[in-house]
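Structure at a glance
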Amino acid sequence: MATSNGSSTGTKITALVVDDDRVINAIHCKLLNKLGIENHVATNGKEAVDLHCSGKKFDLILMDRDMPIMNGIEATRELRAMGVRSIIVGVSTRSIKQEIQEFMDSGLDDYQEKPLTSSKVISILRKIDFVD
């Protein structure tokens, strides 16, 4: 089970999956569940911002780049402007370096190409010191 700071007795990691694609949401939620990570879904950036405005907090946010209403770049900038300290990982099919850099510059901590795999999620968790 994944726990904060790699401790087996620590609090459970919480993640927010922000993506408008239901199939990707299902894949990413299933991966997180297998790793013992409690997760929630938002289908666009505005929903992610609204969840944080309502007082919800997450250790990890998996943020899609291209979504309706509010895209991942806008949502990440807004969350950072609100003081959200969660680890935000951009998750997209974009592979052009300039587009990835634009997404990173919005306040991401990391970027991964879709779809995520168990090894990619574990790599993210290692980078942010949630697993040994």
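Residues numbered from 1 in each chain as written. Predicted model: local features only at pLDDT ≥ 70, side-chain atom pairs only at ≥ 80, totals over all residues. Heavy atoms only, no water.

This brings us to the sheet that holds strand β5 (residues 110-113). Strands sit in the order β2-β1-β3-β4-β5 across an open sheet of five strands; the sheet is parallel. Single-partner strands in this sheet number two, and they are β2 (38-42) and β5. Geometrically, the sheet is characterised by an average inter-axis angle of 20 degrees between neighbouring strands, direction not taken into account. Across the face of the sheet, helix α4 (residues 97-105) comes into contact with β3 (60-64), β4 (87-92) and β5 while running at roughly 140 degrees to β5. (Pairing = 2+ DSSP bridges. Helix = DSSP H or I, 4+ residues; strand = E, 2+ residues; numbered from the N terminus. Axes fitted to C-alpha atoms, helices over the stretch in contact; angles between N-to-C directions. Contact = heavy atoms within 4.5 Å.)

Turning next to the packing of helix α2 (residues 45-53) against helix α3 (residues 72-81). Two elements in contact, α2 and α3, have axes separated by 8 Å at closest approach and are oriented at 15 degrees. Judged by the angle between their axes, α2 and α3 are roughly parallel. At the point where α2 passes α3, the crossing takes the right-handed sense. Side by side, α2 and α3 meet where Gly45, Ala48, Val49 and His52 of the first sit next to Ala75, Glu78 and Leu79 of the second. Tallied by class, residues from the contact of α2 with α3 come to four nonpolar, two polar and one charged. (Parallel < 35°, antiparallel > 145°, perpendicular 65-115°, else oblique. Left-handed = near helix turned anticlockwise from the far one by under 90°. Nonpolar A, V, L, I, M, F, W, Y, C, P; charged D, E, K, R; others polar.)

What follows deals with the side chain of Asn25. The topology assignment puts Asn25 in helix α1 (residues 22-34). Judged by relative accessible area, which is 7%, Asn25 ranks as buried. Asn25 has contacts with Val17, Asp19, Val41 and Thr43, leaving out every residue within four places of it along the chain. (Buried < 20%, exposed > 50% of the residue type's maximum accessible area, 1.4 Å probe, protein only.)

What helix α5 (residues 118-127) keeps buried is the set Val121, Ile124 and Leu125. Mapping the buried residues of α5 onto a view down its axis gives an arc of 95 degrees, with all of them on the same face. Exposed and facing more than 90 degrees away from the buried side of α5 are Ser119, Arg126 and Lys127. Residues of α5 that are buried make contact with α1, β3, β4 and β5. (Arc of directions from axis to C-beta.)

In the UniProt entry, the feature "modified residue: 4-aspartylphosphate" (unreviewed entry) is given for Asp64. Mapping Asp64 onto the fold places it in strand β3. Assessed through its relative accessible area of 3%, Asp64 is described here as buried. With sequence-adjacent residues up to four places away left out, Asp64 is seen in contact with Val18, Asp19, Asp20, Gly72, Val91, Ser92, Phe103 and Lys114. (UniProt positions renumbered as here; feature names shortened; annotations may be inferred.)

As a further point, take the environment of Thr93. Tracing the backbone through its elements, the reader meets Thr93 in the loop between β4 and α4. Thr93 sits 22 residues away from Pro115 along the chain, and the two C-alpha atoms are 7.9 Å apart. Excluding residues within four positions of it along the chain, Thr93 makes contact with Tyr111, Glu113 and Lys114.

Moving on to the pairing of β3. Counting buried residues in β3 gives five out of five residues, a clear majority hidden from the surface. The two faces of β3 match: Leu60, Leu62 and Asp64 on one face and Ile61 and Met63 on the other face are all buried. Pairing analysis gives five bridges linking β3 to β4, with the strands arranged parallel. Across the sheet, residue Asp64 finds its bridge partner in β4, namely Val91.

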